[in-house]
Amino acid sequence: MNPIQIALLGAGTVASGVVKVLERNREELRRRAGREIAVAAVAARNPDKARAALGGALPITSDFEGLATRPDIDIVVELIGGISPARELVLSAIAAGKHVVTANKALIALHGNEIFAAAQARGVMVAFEAAVAGGIPIIKAVREGLAGNCIEWIAGIINGTTNFILSEMRDKGLDFATALAQAQALGYAEADPTFDIEGIDAAHKAAILCAIAFGVPVQFDKAYVEGITALQSTDIRYAEKLGYRIKLLGITKRTEQGIELRVHPTLIPANRLIANVEGAMNAVVVQGDAVGPTLYYGKGAGSEPTASAVIADLVDVTRLHTADPEHRVPHLAFRPEAMHDIPILPMAQVVTAYYLRLRVADQAGVLADLTRILADAGISIDALMQREAGEGEGQTDVIMLTHDTTEARMDAAIARMQALPSVLAPIVRIRKEELR
Ligand code: HSE
């Protein structure tokens with residue numbers, strides 16, 4: 001059979017990994033896919049630079065739109081990143097009857113519904129394994145491997161940059177700014193690391209996982225997003241004394257009231273496997289009603305790990321290229337006509353446990369005032385610790401772990417505690433999940 005013809009849009013790190021691995025594993029891939037996967041051409045903003053990066057043999061053009069719609073191309077691989085022109089090019093490719101493979105989490109998180117509807121109407125596939133957790137085949141696992149389950153929740157370390165920073169803060173006692181500078185020096189963080197450290201990149205991925213887990217549209221705009229910029233190493237140390245690690249988790253959970261979709265620093269028990277995922281690695285726990293918890297671990301970024309996911313999609317698309325569109329796996333795991341409109345809950349309705357740190361005056365009655373406010377709010381304390389603050393006369397840190405409560409109740413209780421004259425600094429609140 002003739003090779004299937006692919007066009008690469010973009011010539012960066014992932015594209016060079018795709019070219020390299022396609023070449024290295026050419027025979028193995030032909031045995032898997034039934035035909036060769038051939039790179040017909042590459043579109044790059046700077047063709048000379050791309051030629052140097054990808055090797056001289058590939059035709060390289062700067063006409064992205066022309067390549068995305070060229071008649072001989074079967075699959076367009078979008079590796080540009082960002083929203084524009086990636087969105088326009090993907091829609092043009094679909095309109096021209098091309099299948100699309102993309103690693104673009106922001107694009108799928110923000111415009112996935114529009115893109116999947118266009119692909120459905122045109123009878124083409126859009127595959128996006130590389131958009132979540134890089135080389136970990138988590139889309140395939142949730143969408144197909146766990147199809148027998150009602151998914152109950154997913155919790156993942158799905159941003160390697162922030163996990164590296166948190167690992168450095170814990171291991172070496174570094175503050176956030178120093179750990180970030182190290183991540184940048186080692187090439188983990190982007191020059192503008194905002195999307196990573198503010199939790200936006202993780203929220204893009206969590207929104208995609210939410211959709212394929214529960215059969216709802218992709219709803220990044222409903223996600224609660226809190227990054228790690230305000231996290232202090234003091235809290236990492238106190239959490240450790242209490243038997244917890246702090247990780248930036250993307251969490252999505254089905255509850256009777258609706259679906260939770262949130263990204264925030266989270267205390268998790270130190271003895272959970274996922275708590276021990278260090279450095280730039282990613283890991284995702286998926287809880288299914290039949291299978292129980294399953295854990296997926298691996299590299300969430302990088303040239304060849306991401307290429308691994310892109311090429312798996314290429315093999316899938318090649319195998320299903322001639323199949324009746326009705327017989328393909330739905331883009332969002334559930335058939336489009338069977339999607340649910342279960343609401344994504346506002347953060348005020350989310351139920352979780354909390355870690356609180358309060359800098360207070362070290363005098364009689366302070367603890368009683370604090371615990372009275374929590375008791376009035378119906379919030380039960382799980383653990384309590386007091387430490388000399390080591391700075392300033394007559395001050396101390398009170399650290400509390402609570403049982404589950406709603407965010408709204410906790411907000412109200414924190415506001416009341418903050419108003420006490422004996423509370424001397426802004427109260428630190430970090431959510432806690434047992435991941436049972
Ligand atoms: N910036 C991302 C990370 C890259 O740090 O995980 C992969 O999406």
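Residues numbered from 1 in each chain as written. Predicted model: local features only at pLDDT ≥ 70, side-chain atom pairs only at ≥ 80, totals over all residues. Heavy atoms only, no water.

**Things to note about the overall build of the protein chain**
Thinking step 1. Counting secondary structure elements, the protein chain contains 15 helices and 17 strands.
Thinking step 2. Taken against the 2.2 N^0.38 rule, which gives 22 Å for 436 residues, the C-alpha radius of gyration of the protein chain at 24 Å falls within 12% of a compact globule.
Thinking step 3. A separation threshold of at least 6 residues defines the contact pool for the protein chain, and within that pool the share at least 24 residues apart is 73%.
Thinking step 4. Surface summary for the protein chain: the accessible area is close to 18,000 Å², and the carbon and sulfur share equals 51%. (Helix = DSSP H or I, 4+ residues; strand = E, 2+ residues; numbered from the N terminus. Rg over C-alpha atoms; globule rule 2.2 N^0.38 Å. Contact = heavy atoms within 4.5 Å. Areas by Shrake-Rupley, 256 points an atom, 1.4 Å probe, with all protein chains shown as cover.)

**A word on the sheet that holds strand β3 (residues 60-61)**
Thinking step 1. Ordered in space as β3-β2-β1-β4-β5-β6, the six strands form an open sheet in which the pairing is parallel. One side of each edge strand has no neighbouring strand; the edge strands of this open sheet are β3 and β6 (126-127).
Thinking step 2. As defined by bridge partners, strand β5 (residues 99-102) adjoins β6 across two bridges and the pair is classed as parallel. Across the sheet, Val-100 pairs through a bridge with Val-126, a residue of β6. (Pairing = 2+ DSSP bridges.)

**Quick look at helix α8 (residues 160-172)**
Thinking step 1. Taking 1.5 Å as the rise per residue, α8 with 13 residues should run 18 Å; its terminal C-alpha atoms sit 18 Å apart, in good agreement.
Thinking step 2. Counting buried residues in α8 gives 10 out of 13 residues, a clear majority hidden from the surface.
Thinking step 3. If you check which residues of α8 are buried, you get Gly-160, Thr-161, Thr-162, Asn-163, Phe-164, Ile-165, Leu-166, Ser-167, Glu-168 and Met-169.
Thinking step 4. Backbone nitrogen of Thr-161 and a side-chain oxygen of the N-cap are separated by 3.3 Å at the start of α8; the cap is Asn-159. (Expected span 1.5 Å × (residues − 1). Buried < 20%, exposed > 50% of the residue type's maximum accessible area, 1.4 Å probe, protein only. Polar contact = N/O pair within 3.5 Å; in protein donor to acceptor, adjacent residues only side chain to side chain.)

**What to know about the site of the ligand**
Thinking step 1. Taken together, Lys-105, Asn-159, Gly-160, Thr-161, Asp-196, Asp-201, Lys-205, Gly-300 and Ala-301 are the residues near the ligand.
Thinking step 2. Lys-105 is positioned with one of its side-chain polar atoms (N or O) 2.4 Å from an oxygen atom of the ligand.
Thinking step 3. Residue Lys-205 places a side-chain N or O atom 2.8 Å away from an oxygen atom belonging to the ligand.
Thinking step 4. Taken by itself the ligand offers 260 Å² of open surface, and the protein chains cover 85% of this.
Thinking step 5. Residue assignment for the shell around the ligand shows that the elements contributing at least two residues are α8 and α11 (200-214).
Thinking step 6. Considered class by class, the residues forming the shell around the ligand number one nonpolar, four polar and four charged. (Near = heavy atom within 4 Å. Nonpolar A, V, L, I, M, F, W, Y, C, P; charged D, E, K, R; others polar.)

**What to know about the side chain of Arg-245**
Thinking step 1. Turning to its location among the elements, Arg-245 is positioned in strand β9 (residues 244-254).
Thinking step 2. Within the local environment of Arg-245, its side chain forms a polar contact with the side chain of Asn-276, the two groups lying 3.0 Å apart.
Thinking step 3. Apart from the residues lying within four places of it in its own chain, the contact partners of Arg-245 are Arg-170, Glu-240, Thr-266, Leu-267, Ile-268, Ala-270, Ala-275, Asn-276 and Glu-278.

**Quick word on the domain arrangement of the protein chain**
Thinking step 1. Here the protein chain is partitioned into domain 1 (4-135 + 303-338), domain 2 (138-299) and domain 3 (351-432).
Thinking step 2. Put simply, the middle of domain 1 and the middle of domain 2, counted by C-alpha atoms, are 26 Å apart.
Thinking step 3. The partner domain 2 presents 22 residues to the 21 residues of domain 1 that form the contact.
Thinking step 4. Taken together, the two surfaces of domain 1 and domain 2 that pack against each other cover about 1,900 Å², and 65% of this comes from carbon and sulfur.
Thinking step 5. One can count two salt bridges joining domain 1 with domain 2.
Thinking step 6. Measuring nitrogen to oxygen at the nearest pair gives 3.0 Å for the salt bridge that ties Asp-201 to Lys-105.
Thinking step 7. Split by residue class, the side of domain 1 that touches domain 2 holds 14 nonpolar, four polar and three charged. (Domains from an automatic or database assignment. Buried area = accessible area lost by both parts, 1.4 Å probe. Salt bridge = Lys/Arg side-chain N within 4 Å of Asp/Glu carboxyl O.)

**A closer look at the packing of α8 against helix α12 (residues 233-241)**
Thinking step 1. In the contact formed by α8 and α12, the axes pass within 9 Å of each other and the chain directions differ by 70 degrees. In terms of orientation, α8 lies roughly perpendicular with respect to α12. Facing α8, whose interface residues are Leu-166, Met-169 and Arg-170, α12 presents Ser-233, Ile-236 and Glu-240.
Thinking step 2. Partitioning the contact of α8 with α12 into residue classes produces three nonpolar, one polar and two charged. (Axes fitted to C-alpha atoms, helices over the stretch in contact; angles between N-to-C directions. Parallel < 35°, antiparallel > 145°, perpendicular 65-115°, else oblique.)

**A look at the nonpolar core**
Thinking step 1. The biggest cluster of nonpolar side chains holds 87 residues, and the ones touching the most others in it are Phe-128, Ile-138, Ile-165 and Val-286.
Thinking step 2. Examining the composition of this core, we find that 11 residues originate from one element, α11, more than from any other.
Thinking step 3. Every residue in contact with Ile-138, bar those within four places of it in the chain, is listed here: Glu-129, Val-132, Ala-133, Leu-209, Val-284, Val-286 and Tyr-296.
Thinking step 4. Within the second largest apolar cluster, 33 residues are counted, among which are Val-21, Ala-50, Ile-60 and Leu-79. (Core = buried A, V, L, I, M, F, W, Y, C linked by side-chain atoms within 4.5 Å.)

**Points about the packing of helix α2 (residues 26-33) against helix α13 (residues 303-320)**
For any two helices packed against each other, the geometry comes down to the angle between their axes and how far apart the axes lie.
Thinking step 1. Where α2 contacts α13, the axes come no closer than 9 Å and their chain directions differ by 40 degrees. In terms of their interaxial angle, α2 and α13 are classed as oblique. Along this stretch, α2 crosses α13, giving a crossing that reads as right-handed. Contacts between α2 and α13 involve Leu-29, Arg-32 and Ala-33 from the first element and Ile-311, Val-315, Thr-318 and Arg-319 from the second. (Left-handed = near helix turned anticlockwise from the far one by under 90°.)

**Describing the packing of aromatic side chains**
For any pair of aromatic rings, the description consists of the separation of the ring centres together with the inter-plane angle of the planes.
Thinking step 1. Applying the stated criterion across every chain yields a total of two aromatic pairs.
Thinking step 2. Between the aromatic rings of Phe-164 and Tyr-188, the centroid separation amounts to 4.7 Å while the plane-to-plane angle is 45 degrees, which identifies the pairing as tilted. Of this pair, Phe-164 sits in helix α8 while Tyr-188 sits in the loop between α9 (176-185) and α10 (194-197), and the two are 24 residues apart along the sequence.
Thinking step 3. Taking the relative accessible area as the measure of exposure, Phe-164 reaches 7% and is therefore buried. (Phe/Tyr/Trp six-rings, centres within 6.5 Å; stacked < 30°, edge-to-face > 60°.)

**With respect to the pattern of salt bridges**
Thinking step 1. Taken as a whole, this structure holds 37 salt bridges when the rule is applied.
Thinking step 2. In this structure, the salt-bridge partner of Glu-27 is Arg-30, at a minimum N-O distance of 2.9 Å. Here Glu-27 and its partner Arg-30 are both found in helix α2, three residues apart, which amounts to about one turn of the helix.
Thinking step 3. In this structure Glu-27 comes out as partly exposed when scored by relative accessible area, which is 45%.
Thinking step 4. The salt bridge involving Glu-326 is made with Arg-335; its shortest N-O contact spans 2.8 Å.
Thinking step 5. Looking at Glu-326, the relative accessible area reads 45%, which means it is partly exposed.
Thinking step 6. What makes Arg-335 partly exposed here is its relative accessible area of 38%.
Thinking step 7. Salt bridges sharing common partners tie together Arg-170, Asp-171, Glu-240, Arg-245, Lys-247 and Glu-278.

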